[in-house]
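Descriptive analysis of the structure
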Amino acid sequence: MAMIGTLTINKRRFIWTVVTGFAALLLLIGSLFFTGKLFAAFPLTGIGGFQVNADYIEGTGFELWPAIGETAEKAEWPQAAISMATNKIQGLVLSKALDVSKTLGKYGIHKIEFQVIPLGEVNGKGIKMNVTGIKSDVGDFVMMTVKEKYSKDVLKTFTMGADKVVMEKATINAHSLTASSMSIPMINIKVVAYDANGKPVGSN
Amino acid sequence: MLKGKGEQIQMAFMGLFIGSLLGGLIFKGHLGGILGSAIGMAILLVVVVTLLKRHENEEAAPRIMLAAAGIMPGVLIGGSSALNLGAAGGTFFTLFYVLFFWIFLFNIIEGHKEEDRYLAYPAEYLIITLFSFAGVWIGSFISSLVRGILPDTAFFNGLSYLLFTLAFSILLPVSIGFIFAANRFRPLLGGLLALLGGGLVLWVGISIAPMLFLPGSGLYLAGLVFGSLMLALSLMAFFTPPLHRFIGCALMAISVLSYVGAMGGVIIGGILGIIGGALVFSWNGLEQEAARAISEEESFLVDEA
């Protein structure tokens, strides 16, 4: 009681308000859970995807538009579709992380990351990618166009293009990657295991 | 049976906390050593306070309780690897903290209590102990954040660690009494909790802001919008106390909604927002002030009659 006096509050009103607030929160989380929309509460989890990291990406005939595509964990998820006529990639690392805590947790391994590392420059033609995230230290666009179009199909209302694009230290969260042709010199594949604290376990 | 034994109970808990942490450091995690030092320290502090309460000087017991609260931050700061001063550093900083809390901090707190700017509250010394410990941890965390800004040398690392841990381990525990005192005139406590929660929600919003580049990513705006609103409403609570019911309701509603698209500010931000909003809503400082004014007027009229 003394503490309530120190807080300068109406005790009964406070208890009712807190209970109402947390009941509303439970109702919200419950309704998201039962309607299968719980991912909305945690927007960055459960999407899946693999990482494309590169020191330098140079592409021609770049185009980007909204798309709906599948991921490892969702049948349909909003994505950005990217196409490039040709591209040149240096320092490429393709990696996919898998949560193995249920199966290998007892051996101290909670996450496994598969890394595909080409030792040299990768040249590709007719690249198509669906992505949910792009981050790069430098992004240069030559003859860039960003256009809105009137269309009843929402996926056709926006396009972005450039004759040439250069990205440095880029990280792309991709869900599909196809190419009409790709030359990859000397592929090195690594499997890295991580413990519960995200530290690598043993040697590669 | 426990009436009037508040100080002893606080000292028992403080002794268990300080003793277990010291035991953990000295006996390197050995359970028997930790238990022994925790119980030993609790008994020692309770006996000291019981004896001092019989003393004629009323200040003796609270001074010792405050001095005991300074043991942990002194040990942790002096013995930290950031300063690398070893056992000598631990001893020096423990003595510094104990004396500082015993003499200066006690005088500062008592002076402000007399001026009605600091409010004594239940379990005050236990809370000061816990917050001074938390202050070291927060100061250490912030110094690790600024490490990238300052030159990466042992001197600058040690200096930033020392400054931030000293500041937070002293100011954080003392601030509680000042907040409670100011809370009588405006819903400061609830507003501060909601401000912290809003900061966390905004932080999530800023973290995922790069995803806004992608089409169809409107949901990612949630953290920025809800976090900014929570910060604005928290500040409103400080400056417009008469609107506390509306502000409290709005804070709670937005805190609940922050769980859509912003993870409720890493979960804890939304919880702080709900509790802060409820404190703002149920704040009754204005009613208490009005009641005080009426009783003063009545007593004046009775005196006049």
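Preceding this section is the structure that the text describes.
Read on for an overview of the structure. Keep in mind the model is a prediction, meaning the values are calculated, not measured. All residue numbers refer to position in the chain's written sequence, counted from 1. Whichever chain is written first is A, and whichever ligand is written first is 1; the rest continue in order. Under the rules for a predicted model, residues below a pLDDT of 70 receive no local features and side-chain atom pairs below 80 are neither given nor counted, while totals for whole chains, interfaces and linings still include all residues.

Quick look at the overall build of chain B
Quick reminder of the rule: Strands are runs of DSSP state E lasting at least two residues, helices are runs of H or I lasting at least four, and both sets are numbered from the N terminus onward. Buried residues are those with 20 or more other C-beta atoms within 10 Å of their own C-beta, exposed residues have 12 or fewer, and partly exposed residues lie in between; C-beta atoms are placed from the backbone. Whether two residues are in contact depends on their C-beta atoms, placed from the backbone: they are in contact if these lie within 7 Å.
Each helix and strand counted, chain B has 13 helices and zero strands in total. Going from N to C terminus, chain B has its helices and strands arranged as α-α-α-α-α-α-α-α-α-α-α-α-α. The burial tally for chain B puts 41% of its 305 residues in the buried class. Long-range contacts, defined as pairs at least 24 residues apart, comprise 68% of the intrachain contacts of chain B with a sequence gap of at least 6.

What to know about the nonpolar core
Residue and element names in this part refer to chain B. Stated formally: By our criterion, buried Ala, Val, Leu, Ile, Met, Phe, Trp, Tyr and Cys residues that link up through C-beta atoms within 7 Å make up a nonpolar core.
Among the nonpolar cores identified, the biggest contains 40 residues, and Ala194, Phe226, Met230, Leu233, Leu251, Leu279 and Val280 are the most heavily contacted of them. For this core, the element with the highest residue contribution is helix α8 (residues 188-207), accounting for ten residues. In this view, Val280 contacts Pro187, Gly190, Gly191, Ala194, Ala237, His244, Ile247, Gly248 and Leu251; residues no more than four positions away in its chain are not counted. Formed by 35 residues, the second largest nonpolar core is a distinct cluster that contains Ile34, Leu76, Ile77 and Leu119.

Things to note about helix α3 (residues 60-69) of chain B
Regarding α3 of chain B, the residues found buried are Ala61, Ile64, Met65, Leu66, Ala68 and Ala69 of chain B. On its buried face, α3 of chain B sits against α1 (6-26), α2 (31-53), α4 (71-78), α5 (86-114) and α6 (124-146) of chain B.

Overview of the environment of Gly108 of chain A
Residues and elements named next belong to chain A. Its place among the elements puts Gly108 in the loop between α3 (101-104) and β4 (111-118). Residues Gly108 and Tyr194 lie 86 residues apart in sequence; the distance between their C-alpha atoms is 8.2 Å. Sequence-distant contacts of Gly108, that is, excluding residues within four places in its chain, are made with Asp195 and Val201.

With respect to the packing of α8 of chain B against helix α9 (residues 222-239) of chain B
All names here are of chain B. Rules: Inter-axis angles, ranging from 0 to 180 degrees, are taken between N-to-C directions of lines fitted to C-alpha atoms, where helices are fitted over the stretch in contact. Any angle from 65 to 115 degrees is called roughly perpendicular, while one under 35 is roughly parallel, one over 145 is roughly antiparallel, and all others are oblique. Handedness of a crossing follows from how the near helix is turned relative to the far one, being left-handed for an anticlockwise turn of less than a right angle and right-handed for a clockwise one. Each residue gets one of three labels, nonpolar for Ala, Val, Leu, Ile, Met, Phe, Trp, Tyr, Cys and Pro, charged for Asp, Glu, Lys and Arg, and polar for the others, Gly among them.
One way to put it is that α8 packs onto α9 with a least axis distance of 7 Å and a crossing angle of 160°. In terms of axis orientation, α8 runs roughly antiparallel to α9. At the point where α8 passes α9, the crossing takes the left-handed sense. Grouping the constituent residues of the contact of α8 with α9 by class yields 15 nonpolar, ten polar and no charged.

Purely spatial values, then, with no claim about function.
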